[in-house]
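Read off the chains here:
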Amino acid sequence: MEPAIRADGLRKSYGDVQALDGLSFEVERGEFFGLLGPNGAGKTTFINVLVGLVRKDGGTAEVFGFDVEEEYRQARDRIGLSPQEFNVDRFFPIHEVLEHKAGYHGVPKAAAERRAEEALKTVGIWDKRDTRFDWLSGGMKRRFLLARALVTDPDLLILDEPTAGVDVQLRRDLWRVIERLNAGGTTVLLTTHYIEEAERLCDRVAITDAGRVVEVATPDELRERGSDQVHVTLGESPTTAPKLDVDGVIETELDGDTLVVTAGGGGRVAPDLLRELEHLGHEVVDLRIRRASLEEVFVDMTRTDEPAADPEVVG
Ligand SMILES: Nc1ncnc2c1ncn2[C@@H]1O[C@H](COP(=O)(O)OP(=O)(O)O)[C@@H](O)[C@H]1O
Ligand SMILES: [Mg+2]
C-alpha cells in the first residue's frame with residue numbers, strides 16, 4: 001500500500017533562500033508523525049507543497065499515492081489542514097464557513113451541514129456556530145481551524161503548529177481530539193515547537209533543518225542519543241568528586257553533597273555506579289536519574305554556528 005505521504009528530493013527556493021533543499025521522507029498510513037525543526041527549516045513550505053499552495057521547483061510529493069500536482073484533486077481531497085496562519089473567511093458565521101469548505105470538497109449540502117455540526121461539537125465550539133471568525137477568542141480560533149480541517153473527514157490531518165500560543169488547558173483539549181482521531185485511523189502530520197507535544201503524541205519524528213531531513217526516529221530512539229544525568233546523594237560529602245571507573249560515565253561533578261554523573265544511558269550505568277561508589281566507601285542516600293529530553297537532542301542536532309535567524313513573525 002502507498003504511504004500516506006511520500007516526499008522525494010523536494011526543492012523550493014525563494015530567491016536566494018533555499019526553503020526546501022532535497023527534502024525526503026515517508027509517513028506510513030495511520031502514523032502520528034511529527035515534523036520538528038527550527039524556524040525557517042521549511043516545514044510550512046513543505047506543507048504548502050502538499051496542499052498545492054506552493055509550487056515546488058523539483059522532486060516529487062505524493063499523498064496516498066497521488067501526485068500533489070498531477071493528481072491535485074485526489075491528493076487534496078484526502079487532506080485536512082489546520083494552517084499556521086489564520087486564513088479564514090471572516091464574513092460568514094463559522095458553521096457556514098465549514099459547510100462551504102465541505103461543499104468545495106464535493107460533500108452534498110445536507111451531509112455538509114451534518115459534518116459542520118459534528119466538527120464544531122468535536123472541538124467544543126458548537127455554541128459559537130453563528131459567530132463570525134473575527135469575533136472568536138484566540139483559543140477558539142485555534143479550535144475552529146481544527147474543526148475546519150476535520151469537516152471533510154480527511155484521511156490525512158495536517159496540523160501546522162496547532163497549539164502555538166494557546167494555554168495549557170486548550171492544548172490538552174486539542175491533544176485529546178487529535179489522539180482520538182489518530183486512534184480511529186487518521187494519519188496525522190504535526191509540526192510543533194513544543195517538544196513535549198512531540199514526545200507525548202508522535203510515533204515518529206523527522207528532525208528538519210535548512211530544507212532537509214536530518215533524522216527520522218521515534219522519540220525514544222532520539223532520547224537514547226542524549227546523555228542522562230544521575231544525581232547521587234552521598235551520606236558524607238567528599239571534598240572532590242570521586243574518580244569513577246564505570247563504563248558509560250562521561251563526566252562526574254560534585255554539587256554540594258550531590259554527585260552529578262553524566263552518562264550515556266542513566267538506567268544502564270546506575271547499578272555499576274552504585275557498586276563502584278560502595279566499593280570506594282561512600283554511602284549512597286538517594287539516587288535519581290534525569291533522562292535526556294528530546295529537546296536537548298533536538299537542539300544539538302539542529303545547532304549551527306551561524307547566528308540564530310530572526311524569530312518568525314506570526315501575523
Ligand atoms: N513566500 C515566501 N517568500 C519568501 N521567502 C519565504 C516564503 N515562504 C517562506 N520563505 C522562507 O523560506 C524558509 C522556510 O520557511 P518556512 O517553510 O516557513 O519554515 P518553517 O515553517 O519551518 O518555519 C524561510 O527562510 C522563510 O523565510
Ligand atoms: Mg512554519
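Figured I'd write up the structure that's included with this text. Because the structure is a prediction, the values reported are computed rather than measured. In every chain, residue numbers begin from 1 and rise along the written sequence. Going through the entries in the order they are written, you letter the chains from A and number the ligands from 1. Where totals are concerned, whole chains, interfaces and linings use all residues; where local detail is concerned, this predicted model gives features only for residues with pLDDT of at least 70, and gives and counts side-chain atom pairs only at 80 or more.

1. Considering the overall build of the chain
Think of it this way: any DSSP run of H or I at least four residues long counts as a helix, any run of E at least two long counts as a strand, and we number them from the N terminus. Secondary structure summary: the chain contains 10 helices and 14 strands in total. Dimensions of the chain along its principal axes, counting C-alpha atoms only, are 80 × 45 × 40 Å. In the chain, which comprises 315 residues, the proportion classed as buried is 36%. Contacts in the chain between residues far apart in sequence, at least 24 positions, make up 68% of those at least 6 positions apart. Exposure criterion: with C-beta atoms placed from backbone coordinates, a residue whose C-beta has 20 or more other C-beta atoms within 10 Å is buried, one with 12 or fewer is exposed, and one in between is partly exposed. We call two residues in contact when their backbone-placed C-beta atoms lie within 7 Å.

2. Concerning the site of ligand 1
Looking at ligand 1, there are 12 residues lining it, with Tyr14, Ala19, Lys43, Thr44 and Thr45 nearest. Of all the secondary structure elements, the ones that give two or more residues to the shell around ligand 1 are strand E2 (17–27) and helix H1 (43–50). With three residues, H1 is the single largest residue contributor to the shell around ligand 1. Working rule for contacts: place C-beta from the backbone, and if it is within 6 Å of a molecule or strand, that residue counts as near it.

3. Considering the packing of helix H3 (residues 94–104) against helix H5 (residues 138–150)
In this description, a line fitted to the C-alpha atoms serves as the axis of each element, helices being fitted only across the stretch in contact, and the angle between N-to-C directions of two axes falls anywhere from 0 to 180 degrees. Put simply, H3 and H5 touch, their axes get as near as 9 Å, and they point 30° apart. The orientation of H3 with respect to H5, classified from their angle, is roughly parallel. In this structure, H3 meets H5 at a crossing whose hand is right-handed. For the pair H3 and H5, the contacting residues are Ile94, Val97, Leu98 and Lys101 in the first and Phe144, Ala147 and Arg148 in the second. Note that the term roughly parallel is reserved for angles under 35 degrees, roughly antiparallel for angles over 145, roughly perpendicular for angles of 65 to 115, and oblique for everything else. When the near helix sits turned anticlockwise from the far one by under a right angle, the crossing is termed left-handed; a clockwise turn instead gives a right-handed crossing.

4. Some details on the nonpolar core
What makes a nonpolar core is a set of buried Ala, Val, Leu, Ile, Met, Phe, Trp, Tyr and Cys residues, with links drawn between C-beta atoms within 7 Å. Of all hydrophobic cores here, the largest spans 65 residues; its most connected members are Leu50, Leu98, Ala147, Ile158 and Leu189. For this core, the element with the highest residue contribution is H5, accounting for seven residues. Those residues in contact with Ile158, other than ones at most four positions away along the chain, are Ile47, Leu50, Ile79, Leu81 and Leu189.

5. Comments concerning the sheet that holds strand E5 (residues 66–67)
In this analysis, strands are considered paired if DSSP registers two or more bridges between them. With antiparallel pairing, the four strands of this open sheet are ordered in space as E2-E1-E4-E5. The open sheet terminates on both sides in strands that have one partner only, identified here as E2 and E5. Examined bridge by bridge, strand E4 (residues 58–63) and E5 share two bridges and lie antiparallel to one another. Bridge pairing in E5 places Glu62 opposite Asp67. H1 contacts strand E1 (5–14), E2 and E4 of the sheet and is inclined by roughly 115° relative to E1.

6. Digging into the sheet that holds strand E11 (residues 228–234)
Read across the sheet, four strands follow the order E12-E13-E11-E14 without closing on themselves; strand pairing throughout is antiparallel. Two strands lie at the open edges of the sheet, namely strand E12 (249–255) and strand E14 (284–290), each paired on one side alone. Each adjacent strand pair in this sheet contributes to an overall mean axis angle of 20°, direction not counted. Pairing of E11 with strand E13 (residues 258–263) involves six bridges; the strand directions are antiparallel. Its bridge partner lying in E13, Gln229 is registered against Thr262.

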